[in-house]
Amino acid sequence: MTRKAVALISGGLDSLLAAKLIQQQGIEVEGINFFTGFCVEGHTHAIRKHERNRVKRNNALWVAEQLGIKLHIIDIVDEYKDVVINPKHGYGANLNPCLDCKIFMVHKAQEWLKQHDFDFIITGEVIGQRPKSQRKKLMPVVAEKSGADDLLLRPLCARSLPETLPEKEGWVDREKLKDFSGRSRKPQMALAAEFGFEDYAQPAGGCCFLTDQSYSVKLQDLWDNRGERDYELDDIMLLKVGRHIRPSKAFKLIIAREEGENHFLSGYKRQFQTISTVSHAGPLALIEGESLDPQQLELACAIIARYSKGRNADSVELRFSDREQGSRSIHVKPLPATQINPDWVLV
Amino acid sequence: MSPVIELDARRLLCPMPVIRLQDCVEKQDKGVKVRITCTDPGTMSDIPAWCRINGHRVLATEQLEHEYIFLVQKDPDGN
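Everything numeric here is computed off the predicted structure, so don't read it as measured data.

### So, unusual backbone geometry
Leaving glycine out, the prevailing phi sign among residues is negative, and the prevailing peptide bond configuration is trans. Of note, the amide linkage connecting Cys14 of chain B to Pro15 of chain B takes the cis form, showing an omega dihedral of 10 degrees. Within the secondary structure layout, Pro15 of chain B lies in the loop between strand 1 (5-9) and helix 1 (16-26). Of note in the backbone geometry, Asp149 of chain A takes a positive phi value of approximately 45 degrees without being a glycine. Relative to the assigned elements, Asp149 of chain A resides in the loop between helix 6 (139-146) and strand 5 (152-153). Under the C-beta neighbour-count criterion, Asp149 of chain A is labelled partly exposed, with 13 such atoms within 10 Å.

What follows is the structure, encoded as C-alpha cells:
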C-alpha cells in the first residue's frame, strides 16, 4: 500500500528538499500552500514597473513542478486574522506571530489530511533555522498544539527529534532522513546540488510581510487609527504598495511611487477619494479616512505635488475625485521636503 | 456545446487569480472551459504552471495593455 504525505510548500528550498526526501522513499506526496494575504511573492513587487525584470513566478508552483506533484493553494485570509490579531504565543521582532502561524498551518494541514485520506504531514523545518518558531524545544509544541502529534514529520531534522508515526511504522526509513540544524544553509545547498535542483528561491527576509519592520509599522498605524485591531484583504494589500503618509489622525495618503503603482492604485478609484496631478507628471494618491476639510485637502494636495515633476514649481494643478461628488481642480504650491514632518511618513 | 465560464480576477495579486481559477475548475465537469481575465503580470507564469501541474490545458492566452486573458480547459481525461 502506497502511503501518502501532504507537504507544506512555502516555495523555499527547505520545503522542496523535505518533500523530495520523502518522495525518494516511495511515498506519494501532494503539496499544500496557504495564502494568508501577507505572503511575499515576486508578483507583489511586479506591481512596480522598475522591478518587472525580476522573476515573477510563484515559487510554490515552481517547487511543485520540480517535484512533479499536485499543489493545492488554499485561501486562509479570513481564518488567519485571529492568528495575527490575537497570537497566543506573542509576536517576534515585528508583528510576526511565527509560532502561532506554524501551529495554525500544521493544524490546517491536518484537517486537509483527514478530508483527503492522507497518512502524514511533512514540513521543511530545520532546528534553529528561525529564532522563534524553529527552536528545538518548540518543535514538540507545534506538533502537540496543532493536533498533528506524531503525524508531523520534519525530514530535514528528523534524526534529531523523537520518532514519528511514519518512522515507527516503517513507512519511511529514519536513517535516510537528515539531522540538519542551525542557520547555515550549506547542508541544504549541498543536498540541493545532490538532487540537481538549481534556481531555487532564496528569500532574504523570509516569506511573510509581517516579519518586515516597515510593513508592521503601517499595520500598527492602521489599527491605532481605526481604533480596532482588524483588517480586510484590501487593507493589507495596500500596505504593500506606495508611500504611506499620515499628516493627521483623520486621514492617510497612499501615494504611488511610480507608474506600476499608479496603475495598481487606479483600480481602487471606486473605493477611495483620489488626488492626481494635472499640470505636471506625478503620482496618483488614495485618501484613506474621513472627509477632509479644506485645509486638510490643501495640505494633502501640497504633499502629493511635492512628489510630482512640479515639486519646484510655484503652483501645481491637481484633480480631487470623489465617486459621489465628482471631481474638481485644485491649485497648490508644493510642500517643501523640509516641511514634511518625518513622523507623518510611515516606514 | 457548453458555454465558457467567465472569471474576473482583475486587481487581484497572485496567487489569488490562481486560487479563483482553482476553486472554479474544481467544481466543473471535465472538459469545461473557463476564461479568466487578470491584471497581475505574474499570472503569465502562474496560470500556465498551475495548469501543467494539474493536467489542465491553456487553450489560448491574450495580452492587452494591462490585462492578461487565459482560456483554460479542465483536464478532459481527468477526474
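### Description of the sheet that holds strand 9 (residues 284-289) of chain A
All names here are of chain A. Taking strand neighbours across the sheet as the criterion, the six strands line up as 6-7-9-8-10-11 in an open arrangement whose pairing is antiparallel. Of all strands in the sheet, those bounded by a partner on one side alone are strand 6 (243-248) and strand 11 (326-332). Within the sheet, the average angular offset between the axes of one strand and its neighbour, ignoring direction, is 25 degrees. Inspection of the sheet shows strand 8 (residues 273-277) paired to strand 9 by four bridges, in the antiparallel sense. When the bridges of strand 9 are listed, Ile275 appears paired with Ala285.

### With respect to the domain arrangement of chain A
As assigned here, chain A comprises domain 1 (4-209) and domain 2 (241-344). The distance between the C-alpha centroids of domain 1 of chain A and domain 2 of chain A comes to 41 Å.

### Structural notes on the nonpolar core
Residues and elements named next belong to chain A. Ranked by internal contacts, the top residues of the largest apolar core, which has 116 residues, are Ala5, Ile121, Ala285 and Ile304. Here this core gets eight residues from one element, more than from any other, and that element is helix 5 (residues 98-116). Among the domains, domain 1 (4-209) and domain 2 (241-344) are the pair contributing at least three residues each to this core. Beyond its immediate chain neighbours, meaning those up to four positions away, Ile304 contacts Leu253, Ile255, Ile275, Thr277, Gly282, Pro283, Ala285 and Leu318.

### Let's talk about the environment of Ala93 of chain A
Inspection of the secondary structure assignment puts Ala93 of chain A in the loop between helix 4 (77-85) and helix 5. Through-space distance from the C-alpha of Ala93 of chain A to that of Asp212 of chain A is 8.9 Å; in sequence the pair is 119 residues apart.

### A word on the pairing of strand 1 (residues 4-8) of chain A
Residue and element names in this part refer to chain A. Counting buried residues in strand 1 gives four out of five residues, a clear majority hidden from the surface. In this structure, strand 1 lies alongside strand 2 (residues 28-35), joined through five bridges in parallel fashion. Considered in strand 2, the bridge of Lys4 is made with Glu28. In this sheet, strand 4 (residues 120-122) lies alongside strand 1 in parallel orientation, the contact comprising three bridges. In the sheet register, Val6 faces strand 4, and the bridge partner there is Ile121.

### A closer look at the sheet that holds strand 2 of chain A
Residue and element names in this part refer to chain A. Strand order in the open sheet formed by five strands is 3-2-1-4-5, with parallel pairing between adjacent strands. Every other strand in the sheet has two partners, leaving strand 3 (71-75) and strand 5 as the edge strands with one partner each. In terms of strand pairing, strand 4 meets strand 5 through two bridges, oriented parallel. Looking at strand 5, one finds that Ile121 is bridged to Leu152. Lying on the sheet, helix 5 is in contact with strand 1, strand 2, strand 4 and strand 5; it crosses strand 1 at an angle near 150 degrees.

What counts as what
Residues numbered from 1 in each chain as written. Chains lettered and ligands numbered in written order. Predicted model: local features only at pLDDT ≥ 70, side-chain atom pairs only at ≥ 80, totals over all residues. Helix = DSSP H or I, 4+ residues; strand = E, 2+ residues; numbered from the N terminus. Buried ≥ 20, exposed ≤ 12 C-beta atoms within 10 Å, placed from the backbone. Pairing = 2+ DSSP bridges. Axes fitted to C-alpha atoms, helices over the stretch in contact; angles between N-to-C directions. Domains from an automatic or database assignment. Core = buried A, V, L, I, M, F, W, Y, C linked by C-beta atoms within 7 Å. Contact = placed C-beta atoms within 7 Å.

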